[in-house]
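Observations on the three-dimensional arrangement
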Amino acid sequence: MPPSFAVTGGRPLKGTIRPAGNKNAALPILAATLLADGPCRIDNVPHIRDVETMLALLAHLGAAVEWTGPNSVAVDATRAGPRELDPALCARFGRLTLPPPGGDVIGRRRVDTHFLALEQLGAEVTVGATYQLEGKGLRGADIFLDEPSVTATENALMAAVAARGVTTLRNAACEPHVQDLARFLVTLGATVQGIGTNTLTVEGGAPLKGGAFTVGPDHIEVGSFIGLAAVTNGAVTIDGVRAEDLRSVLMGFERLGVRPRLDGTRLIVDVGQERRIRPDLGGHVPKLEDGPWPAFPADLISIAIVAASQCEGLLLVFEKLFESRLFFVDKLISMGARIVLCDPHRAVIAGASPLHGGVVESPDIRAGMAMLLAALAAQGDSVIHNIGQIERGYERIDERLRALGAQIERVGDTTTVRR
């Protein structure tokens, strides 16, 4: 029987919790170790399913991989060789064959931008039942990405580091995890300018050495914990945040009447938040929308919807990036939330509405975490199935939330990432 979470809600969460390392930084950084001609040590790596999958891929390619601590990984790809697995191979080994992408079922995963960028660097791309890339003679280029895709920027950045000459990436994504990947490449000896902006300049072709790097805190997990504290009317301190990553996140929650306090690297969510949605000037219904960094993150839209359901007032949520992300709201409605799904991209939330326990499914990482928020806010018992989705992105979430006073148990099959 697949594992589930059994949750008894209605309890305020209290205490201190640390965010895990950013999984969306750890995964491309681990892939980028293939570019290094020497051992690498990556610290603050979240011990989750997606990371274990990446490490298995690296090991299959011949890299020496070892967990050296609870959240530290050593990778030595010096003896790695080409096999038909990993997109990072195009930079080091010159060729690869890939199946179509996987990931959360939240909408179509457009890959055009990836290939357009790689083609401009000199790669040959053949698209059929699989994707085949050949690019042993990559050269720098001036590239304008047709959308600020995070993964396309990361792939182009890694390829540009290996290409000879200067590459300029324009309209590049600049999320915190993209910045971490760029900083890691600099640690290895790459020359990357413009980190944190939408224009990156790379002087490629130089050999890369090994090195050590610490993954930054996951701002999406920080936002999830803000939501958890708010919906349970708890008092939670999130210790170990990076303030510069949180501006749009805090602005979004402030619109809901949730105002954490920053104290250095600590973010404090006090009990008794107002939880009243602030209308726009003139009393108009406000809108919370996502967008490329530095806008409100798409990965926090699901969390914001649950939080808004527990705040007084009306809110229009506009999810611009994925056409299937909002389809989980029927599960919230079954628990008592008052939500109108206008179309695949827009929903109107009317709060505050008391939630009651229910039996629900976790459709993807972020919606699964949102359902966990709803279960902890609800009166009564809930069961969340398909929690493997949650555990792809949140390390030991049940253990960490129990430390805050949550009544949550993992039931069923015990096969998961533990330490």
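As the structure is a computational prediction, the values presented were derived from the model and not from experiment.

Rules of the game
Residues numbered from 1 in each chain as written. Predicted model: local features only at pLDDT ≥ 70, side-chain atom pairs only at ≥ 80, totals over all residues. Heavy atoms only, no water. Helix = DSSP H or I, 4+ residues; strand = E, 2+ residues; numbered from the N terminus. Buried < 20%, exposed > 50% of the residue type's maximum accessible area, 1.4 Å probe, protein only. Contact = heavy atoms within 4.5 Å. Areas by Shrake-Rupley, 256 points an atom, 1.4 Å probe, with all protein chains shown as cover. Pairing = 2+ DSSP bridges. Axes fitted to C-alpha atoms, helices over the stretch in contact; angles between N-to-C directions. Core = buried A, V, L, I, M, F, W, Y, C linked by side-chain atoms within 4.5 Å. Disulfide = S-S within 2.5 Å. Phe/Tyr/Trp six-rings, centres within 6.5 Å; stacked < 30°, edge-to-face > 60°. Lys NZ or Arg CZ within 6 Å of the ring centre and 35° of its normal. Parallel < 35°, antiparallel > 145°, perpendicular 65-115°, else oblique. Left-handed = near helix turned anticlockwise from the far one by under 90°.

On a plain count of helices and strands, the chain comes out with 13 helices and 23 strands. For the C-alpha atoms alone, the extent of the chain along its principal axes is close to 60 × 50 × 45 Å. Expressed as a percentage of its 419 residues, the buried residues of the chain come to 55%. In the chain, the share of contacts with a sequence separation of at least 24, taken over all contacts with a separation of at least 6, comes to 71%. In the structure as shown, the chain presents an accessible area of about 16,500 Å², 51% of it carried by carbon and sulfur atoms.

All right, on to the sheet that holds strand β16 (residues 266-269) then. Strand order in the open sheet formed by 4 strands is β2-β14-β16-β15, with mixed pairing between adjacent strands. Two strands close off the open sheet at either side, each with one partner strand: β2 (14-17) and β15 (261-263). This sheet shows a mean twist of 15° between the axes of neighbouring strands, independent of strand direction. Pairing of β15 with β16 involves 3 bridges; the strand directions are antiparallel. Each residue of the ladder has a partner; that of R261, found in β16, is I268.

It is worth spelling out unusual backbone geometry at this point. Going from W293 to P294, the amide bond is cis rather than trans, its omega being 15°. In this fold, P294 is placed in the loop between β17 (287-289) and α9 (301-309). Here the amide bond leading from G351 into A352 is cis, since omega sits at 0°, within 30 degrees of zero. Within the secondary structure, A352 is located in the loop between β20 (346-351) and β21 (359-361). In this structure, N171 takes a positive phi of about 55° despite not being glycine. By secondary structure assignment, the location of N171 is in the loop between β10 (165-170) and α6 (176-187). A positive phi is found at N386, a non-glycine position, where the angle reads about 60°. For N386, the position within the fold is in the loop between β22 (381-385) and α12 (388-391).

All right, on to the sheet that holds strand β5 (residues 72-76) then. As summarised here, the arrangement of the 4 strands in space is β4-β5-β3-β13, forming an open sheet in which the pairing is mixed. Every other strand in the sheet has two partners, leaving β4 (64-69) and β13 (211-214) as the edge strands with one partner each. Ignoring which end each strand starts from, the neighbouring axes of this sheet average 20° apart. Alignment of β4 against β5, held across 5 bridges, turns out to be antiparallel.

The next thing to look at is the nonpolar core. With 69 residues, the main nonpolar core has I226, I305, L372 and L401 as its most contacted residues. I305 has contacts with V317, L326, F328, V329, L332, I339 and I349, leaving out every residue within four places of it along the chain. The next biggest cluster of nonpolar side chains, apart from the first, holds 58 residues, and it includes A32, L35, A80 and L145.

This part takes up helix α1 (residues 23-32). In terms of burial, α1 is largely enclosed, as 10 of its 10 residues are buried. Restricting attention to buried positions, one finds in α1 the residues K23, N24, A25, A26, L27, P28, I29, L30, A31 and A32.

Where two cysteines share a covalent bond between their sulfur atoms, that bond is called a disulfide. Within this structure, the stated rule accounts for 0 disulfides. With no disulfide of its own, C311 lies 19 Å from the sulfur of C342, the closest cysteine sulfur. Exposure remark for C311: the relative accessible area of 1% places this residue in the buried category.

Our focus in this paragraph is the packing of aromatic side chains. Scanning all chains against the criterion turns up 1 aromatic pair. Here F184 and F213 contribute two aromatic rings whose centre-to-centre distance is 5.9 Å and whose plane-to-plane angle is 70°, an arrangement assigned as edge-to-face. With a gap of 29 residues between them, F184 in helix α6 and F213 in strand β13 connect regions that are remote in the sequence. The two residues F184 and F213 agree in class, both being buried. In this structure, K320 packs its charged tip against the face of F318, placed 5.5 Å from the ring centre.

What follows covers the packing of helix α7 (residues 219-231) against α9. Remark: α7 packs on α9, axes separated minimally by 9 Å, with the N-to-C direction vectors making an angle of 15°. Relative to α9, the element α7 is oriented roughly parallel. Judged by the twist between their axes, the crossing of α7 over α9 is left-handed. Along the contact surface, α7 presents G223, S224, G227 and V231, while α9 presents I303, V306 and A307.

Assignment of secondary structure puts D270 in the loop between β16 and β17. Relative accessible area serves as the criterion here: at 31%, D270 is assigned to the partly exposed category. For D270 and G9, which are 261 residues apart along the polypeptide, the C-alpha to C-alpha distance reads 19 Å. What D270 contacts, discounting residues up to four positions off in sequence, is G234, A235 and R261.

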